[in-house]
Amino acid sequence: MNDFFSNNDLSIDEIKYLLLLENKNDIKLLYDKASDLRNKTIGNKVYLRGLIEYSDRCSKNCYYCGIRAGNANIKRYTMTDEEVVNCAKYALENKYKSIVLQSGERSDKEFTNHISSLIKKIHAATGNELRITLSCGEQSMEVYKEWFDLNVKRYLLRIEASNPELYKKLHPADHNYTKRLEAINSLVKTGFQAGTGVMIGLPFQTIDDLANDLIFIRDSGAVMVGMGPYIEHSETPLYQYRNELFSPQKRMELSLKMIAVLRILNPKLNIASTTALQTLDPHGRELGIKAGANVIMPNITPEIYKQEYNLYQGKPSIEQEPDICKTEIEKEISEAGCIVAWDEWGDSKMYKT
Ligand code: 5AD
Ligand code: SF4
């Protein structure tokens, strides 16, 4: 096993071997190697991003997602500007130094203009002290440029599944893989610290797909990554395949292995320990850090909205997620052998300004 860690240039077969490890000691060795490598390369600090789930209105219909346009059984909301600005101020006051503004995808002018004005309001209310990340889906190059010029330097857009054939099975015909790839490239070209990622344990997904996802991410130009287990949602077309999935434990383990192998492939990436991990295991976020992640995204959305923003079922509620509490965050991160980077922007060490 040790041979695998002598360089970062793993072959597809080596990646598959690591993803398929069964022996508990070997798996622990993999996680330990990944977190050691993180500590040696970029340090053992964990950066915070306050997640604001701005709106669950979405014009798209991804087969896996609970807030897809076709789901008539959810309440649709959009936070007011004042609510968003208050969340942003909260993040700054609590030394998060960084927020992620996430919403369903809309490309109408009303929406994109509104995001622009919201960005200006956030910067004005926080004295330009916060790093803003947007996660608002595929947009034109012009829109990306407009947001970048408003001092938004980070953008998350997952490829979801890097195999075009698999992508096709997870999306309706009008969701175009090439267009998505181009959108990720546009983000990189615009100068964003781009983030991408995939879901793990999807119906129809193979180990080859996952190994290729990691290679895709390594070569994508992204400096940030968010990956997590696929979690079924009863109001989605993919729910019919729920009995064909890996068990939640297996999806959890595969997700942690994916984080660890990605850390080995590219030690300087900012890798998030995602909410989906925490959904499958109350200690999921901590486990993600132990497997090599270095970012957590405490959810600071007001509770009334948080309940509605259900991409998948079983999302942690406020009782299970006492994020906002400083000592809880400290405890969780120190149990994973790391320290919290309070009051730091936490740009990726791959990003050259
Ligand atoms: N399970 C896990 N992740 C999901 N997402 C959407 N639906 C699900 C699901 N059912 C993820 C997608 C998207 C991100 C915002 O949430 O990867 O990019
Ligand atoms: Fe909309 Fe994103 Fe959900 Fe797809 S994954 S339906 S684009 S919110």
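See the structure above.
The rules behind the values
- Residues numbered from 1 in each chain as written.
- Chains lettered and ligands numbered in written order.
- Predicted model: local features only at pLDDT ≥ 70, side-chain atom pairs only at ≥ 80, totals over all residues.
- Heavy atoms only, no water.
- Axes fitted to C-alpha atoms, helices over the stretch in contact; angles between N-to-C directions.
- Helix = DSSP H or I, 4+ residues; strand = E, 2+ residues; numbered from the N terminus.
- Parallel < 35°, antiparallel > 145°, perpendicular 65-115°, else oblique.
- Left-handed = near helix turned anticlockwise from the far one by under 90°.
- Contact = heavy atoms within 4.5 Å.
- Core = buried A, V, L, I, M, F, W, Y, C linked by side-chain atoms within 4.5 Å.
- Buried < 20%, exposed > 50% of the residue type's maximum accessible area, 1.4 Å probe, protein only.
- Expected span 1.5 Å × (residues − 1).
- Arc of directions from axis to C-beta.
- Phe/Tyr/Trp six-rings, centres within 6.5 Å; stacked < 30°, edge-to-face > 60°.
- Near = heavy atom within 4 Å.
- Polar contact = N/O pair within 3.5 Å; in protein donor to acceptor, adjacent residues only side chain to side chain.
- Areas by Shrake-Rupley, 256 points an atom, 1.4 Å probe, with all protein chains shown as cover.
- Nonpolar A, V, L, I, M, F, W, Y, C, P; charged D, E, K, R; others polar.
- Pairing = 2+ DSSP bridges.
- Right-handed = clockwise from strand over helix to strand, strands pointing away.

**Considering the packing of helix α3 (residues 81-93) against helix α4 (residues 109-125)**
Direction vectors running N to C along α3 and α4 enclose 40°, while the axes themselves pass 9 Å from each other. Between α3 and α4, the angle is such that the two are oblique. For α3 against α4, the interelement crossing comes out right-handed. For the pair α3 and α4, contact is made by D81, V84, V85, A88 and K89 and by H114, S117, L118, K121, I122 and A125, respectively.

**As for the nonpolar core**
If you look at the biggest cluster of nonpolar residues, it comprises 96 residues, and the most contacted ones within it are I15, I99, I122, L134, Y155, M227 and V261. The element that contributes the greatest number of residues to this core is helix α9 (residues 248-265), accounting for 10 residues. Residues contacting I15, with those up to four places away along its chain left out, are L10, A211, L214, I215, V261 and L265. With 7 residues, the next largest nonpolar core counts Y47, V100, A272 and V295 among its residues.

**Quick look at α4**
Taking 1.5 Å of rise per residue, the 17 residues of α4 would be expected to cover 24 Å, and the 24 Å separating its terminal C-alpha atoms lies within 8% of that figure. Here α4 has its buried residues at F111, T112, I115, S116, L118, I119, I122 and H123. Viewed end-on, α4 has its buried residues packed into an arc of 165°, placing them on one side of the element. For α4, the exposed residues lying more than 90 degrees away from the buried face are K109, E110, K120 and A124. Positive backbone phi, approximately 55°, marks G127, located one or two places after α4.

**Overview of the packing of aromatic side chains**
Across all of its chains, the model carries 9 aromatic pairs by this definition. Between the aromatic rings of Y144 and F192, the centroid separation amounts to 6.3 Å while the plane-to-plane angle is 80°, which identifies the pairing as edge-to-face. Note that Y144 is positioned in helix α5 (residues 141-149) and F192 in the loop between α7 (177-190) and β6 (193-196), a separation of 48 residues in sequence. For the pair Y144 and F192, a shared accessibility class is recorded, and that class is buried. Seen from their ring centres, F148 and F192 are 5.1 Å apart, and the 75° between their planes marks the pair as edge-to-face.

**With respect to the site of ligand 1**
In the vicinity of ligand 1, the residues found are Y64, C65, Q102, R158, E160, M199, P229, Y230, I231, L311 and Y312. A distance of 2.8 Å is found between an oxygen atom of ligand 1 and a side-chain nitrogen or oxygen belonging to R158. The side chain of E160 places a nitrogen or oxygen atom 2.5 Å from an oxygen atom of ligand 1. In the complex, the protein chains occlude 88% of the 400 Å² of accessible area that ligand 1 would expose alone. Split into classes, the residues belonging to the shell around ligand 1 amount to 8 nonpolar, 1 polar and 2 charged.

**Examining the pairing of strand β8 (residues 224-229)**
Across the 6 residues of β8, 6 count as buried, placing the element largely inside the fold. One ladder, built from 2 bridges, connects β6 with β8; its direction is parallel. Paired with G195 across the strands is M224, a residue of β8. Pairing geometry for strand β7 (residues 199-200) and β8, over 2 bridges, is parallel. Note on β8: the bridge partner recorded for I200 is P229. Remark: the β7/helix α8 (residues 207-219)/β8 crossover connection has right-handed handedness. In this region the chain leaves β8, passes through α9 and returns to the parallel neighbour strand β9 (residues 270-273); the handedness of that crossover is right-handed.

**Comments concerning the side chain of Q193**
The residue Q193 is located in strand β6 in this model. Of the polar contacts made by the side chain of Q193, one reaches the side chain of R154; its length is 3.4 Å. Not counting residues up to four positions away in its chain, the partners in contact with Q193 are R131, K153, R154, Y155, V223, M224, D347, S348 and Y351.

**Comments concerning the packing of helix α1 (residues 12-19) against α8**
The description of two packed helices rests on the angle between their axes and on the distance between the axes. Here α1 crosses α8 at 120°, and the two axes come no closer than 9 Å. Crossing of α1 against α8: the hand is right-handed. Between α1 and α8, the contacting residues are I12, I15, K16 and L19 on the first element and I207, D208, L210, A211, N212, L214 and I215 on the second. The class makeup of the residues in the contact of α1 with α8 is 8 nonpolar, 1 polar and 2 charged.

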